[in-house]
Amino acid sequence: MITSLKSLQPELERRKQAHLYRARRVYDSPQGPEGVVDGRHVLSFCSNDYLGLANHPEVIAAMQRGAETYGAGSGAAHLVSGHSRAHHVLEEELAEFTGRPRALLFSTGYMANLGVMSALLGRGDSVYEDRLNHASLIDGGLLSRANFKRYAHADMDALQSQLQGHAKGEALVAIDGVFSMDGDIAPLDRMATLCRGADAWLMVDDAHGFGVLGEQGRGTIDRFNLGLKEVPIMMGTLGKAVGTSGAFVAGSDELIETLIQQARSYIFTTATPPAVAEATRASLRLVQKDEWRRERLKTLIGQFRQGAEEIGLPLMESETPIQPIVAGTSEQALKWSRQLEGEGIQISAIRPPTVPEGSARLRITFSASHTPEHVERLLEVLSGLELSEA
Ligand SMILES: *Cc1c(COP(=O)(O)O)cnc(C)c1O
């Protein structure tokens, strides 16, 4: 007998009623401020391609050369026959750039977090997480089977008292360098001090800081002038500011060797295509060299914040390219998003469970490939939103 999945229907219906239903938009153009979405020309402010490198000619050419040299696919996991020279050299370049002894590539940031946390922790250990941490850090903590402790966003007193209660086993504090939906920066200096006092490991997921913050884009850890000693585990992703795909973990030789031996999301998955690694190498050079991209971002963010203040938009405490406008209910966020869409502007409504209940929002992001005119147009349309209901 064929079992139907009809029992799933009520939950789908419930999500629609609650304005929580999610749907994809189909893009017919590369990443960039202006594109074609579902057949319409739009001005987009929701990509994580912060430096505008996803569609850079040098990056594309490197990927093409990579495909000619290595073919389309890697063929196997890194520990079998999928670890190419391109992957290997990229790891060396990432280690050098981050100032750490070694780096290890993962296929995605999600898998990197799962792999690190489940390799380093087990029953009897403890993991401490900010309530607004990214889902992959939460899931990594759960998968590790360690005791799971969460504290209110950026509440260092709460973290301190939780750490003081730590008695036995390893302790890991895992944190977003830049909070993905709020755009604020984690207080890494204070966290490092607390971790040192409690003999806890500090792990920073720098998905939104790598390429954007710090000297030459080295990320949030560099911005605080911290290094390997204070933050032994750094995770960075390559699909956001770097513009390609994948992720890496950088740290000591012992850390990387442990991950190679024990991180299941590293061991049991096919390596990304070597051509992607070649594209990432080209992109990484641009990340380091093109200081103007970070400068341009700063200018655009400043322009946006000033303009938004003038029209009375409720800004959040963020100096990064992530500039959310909280709507409150999912219904209101969706309404705003649709209103903007009607004006040819693409910004997605972020709703629970991605953000806490009651804080649904427009997550506006900027890229170095936006122009001041783009920001002006955005402000013009935003000024037409009905804010009173928020
Ligand atoms: C995007 C993101 C990830 C996941 O990275 P992928 O490479 O997209 O899987 C992990 N952590 C944070 C904070 C992110 O924003």
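Residues numbered from 1 in each chain as written. Predicted model: local features only at pLDDT ≥ 70, side-chain atom pairs only at ≥ 80, totals over all residues. Heavy atoms only, no water.

### What about the sheet that holds strand β12 (residues 349-350)?
And step 1. Taking strand neighbours across the sheet as the criterion, the 3 strands line up as β10-β13-β12 in an open arrangement whose pairing is antiparallel. Edge positions in the open sheet fall to β10 (322-328) and β12, since each of these has one partner strand only.
And step 2. Sheet analysis places β12 next to strand β13 (residues 360-365), joined by 2 bridges and oriented antiparallel. By the bridge assignment, Ala349 is partnered in β13 with Leu362.
And step 3. The strands that helix α14 (residues 330-342) touches are β10, β12 and β13; relative to β13, the one it contacts most, it runs at about 40°. (Pairing = 2+ DSSP bridges. Helix = DSSP H or I, 4+ residues; strand = E, 2+ residues; numbered from the N terminus. Contact = heavy atoms within 4.5 Å. Axes fitted to C-alpha atoms, helices over the stretch in contact; angles between N-to-C directions.)

### Thoughts on the pattern of salt bridges
And step 1. Applying the stated criterion across every chain, the model contains 15 salt bridges.
And step 2. Put simply, Arg294 and Glu291 hold a salt bridge, and the shortest N to O gap is 3.1 Å. Of the two residues, Arg294 and Glu291 are both situated in helix α13 (residues 291-310); the distance of 3 residues between them amounts to about one turn of the helix.
And step 3. In this structure Arg294 comes out as buried when scored by relative accessible area, which is 5%. (Salt bridge = Lys/Arg side-chain N within 4 Å of Asp/Glu carboxyl O. Buried < 20%, exposed > 50% of the residue type's maximum accessible area, 1.4 Å probe, protein only.)

### Focus: helix α4 (residues 85-98)
And step 1. Taking 1.5 Å of rise per residue, 14 residues should cover 20 Å, and α4 covers 20 Å from first to last C-alpha, within 8% of that figure.
And step 2. For α4, every residue scored as buried is listed here: Ala86, His87, Val89, Leu90, Glu91, Leu94, Ala95, Phe97 and Thr98.
And step 3. Contacts made by the buried residues of α4 are with α2 (57-70), α3 (78-82), β3 (102-106), β8 (233-237), β9 (247-251) and α12 (274-289).
And step 4. Residue Ser84 occupies the N-cap position of α4, its side-chain oxygen lying 3.2 Å from the main-chain nitrogen of Ala86. (Expected span 1.5 Å × (residues − 1). Polar contact = N/O pair within 3.5 Å; in protein donor to acceptor, adjacent residues only side chain to side chain.)

### Considering the nonpolar core
And step 1. Met191 and Phe304 are the most contacted members of the largest nonpolar core, which has 75 residues in total.
And step 2. Per-domain counts for this core show at least three residues from each of domain 1 (24-51 + 291-389) and domain 2 (57-289).
And step 3. Leave out the neighbours within four places in its chain, and Met191 touches Tyr151, Met156, Leu159, Val173, Ile175, Ala186 and Leu202.
And step 4. With 25 residues, the next largest nonpolar core counts Met117, Leu121, Val127 and Leu137 among its residues. (Core = buried A, V, L, I, M, F, W, Y, C linked by side-chain atoms within 4.5 Å. Domains from an automatic or database assignment.)

### Remarks on the UniProt feature "binding site: substrate" (unreviewed entry) in the chain
And step 1. When the UniProt feature table is mapped onto this chain numbering, "binding site: substrate" (unreviewed entry) sits at Arg22, His134 and Thr354.
And step 2. Checked against the element boundaries, His134 lands in the loop between β4 (126-130) and α6 (135-144).
And step 3. On the basis of relative accessible area, His134 is assigned to the partly exposed category, the value being 28%.
And step 4. Separated by 2.7 Å, the side chains of His134 and Ser136 make a polar contact.
And step 5. Setting aside residues up to four positions removed in sequence, Thr354 forms contacts with Arg22 and Met181.
And step 6. For Thr354, the side chain forms a polar contact with the side chain of Arg22, separated by 2.9 Å. (UniProt positions renumbered as here; feature names shortened; annotations may be inferred.)

### A short note on the packing of aromatic side chains
And step 1. This model, assessed by the stated rule, comprises 5 aromatic pairs.
And step 2. Plain terms: the ring middles of Phe97 and Phe210 are 5.7 Å apart, the flat faces sit at 65° to each other, and that makes the pair edge-to-face. Taken together, the positions of Phe97 in helix α4 and Phe210 in the loop between β7 (201-205) and α9 (220-223) put the pair 113 residues apart, joining distant regions of the chain.
And step 3. Ring geometry for Phe106 against Tyr266: centres 5.5 Å apart, planes inclined by 65°, an arrangement best described as edge-to-face. You can see Phe106 sitting in strand β3 and its partner Tyr266 sitting in helix α11 (residues 264-267), a full 160 residues away along the chain. We note that Phe106, like Tyr266, is buried.
And step 4. What links up through ring pairs into an aromatic cluster is the set Phe45, Phe304 and Phe366. (Phe/Tyr/Trp six-rings, centres within 6.5 Å; stacked < 30°, edge-to-face > 60°.)

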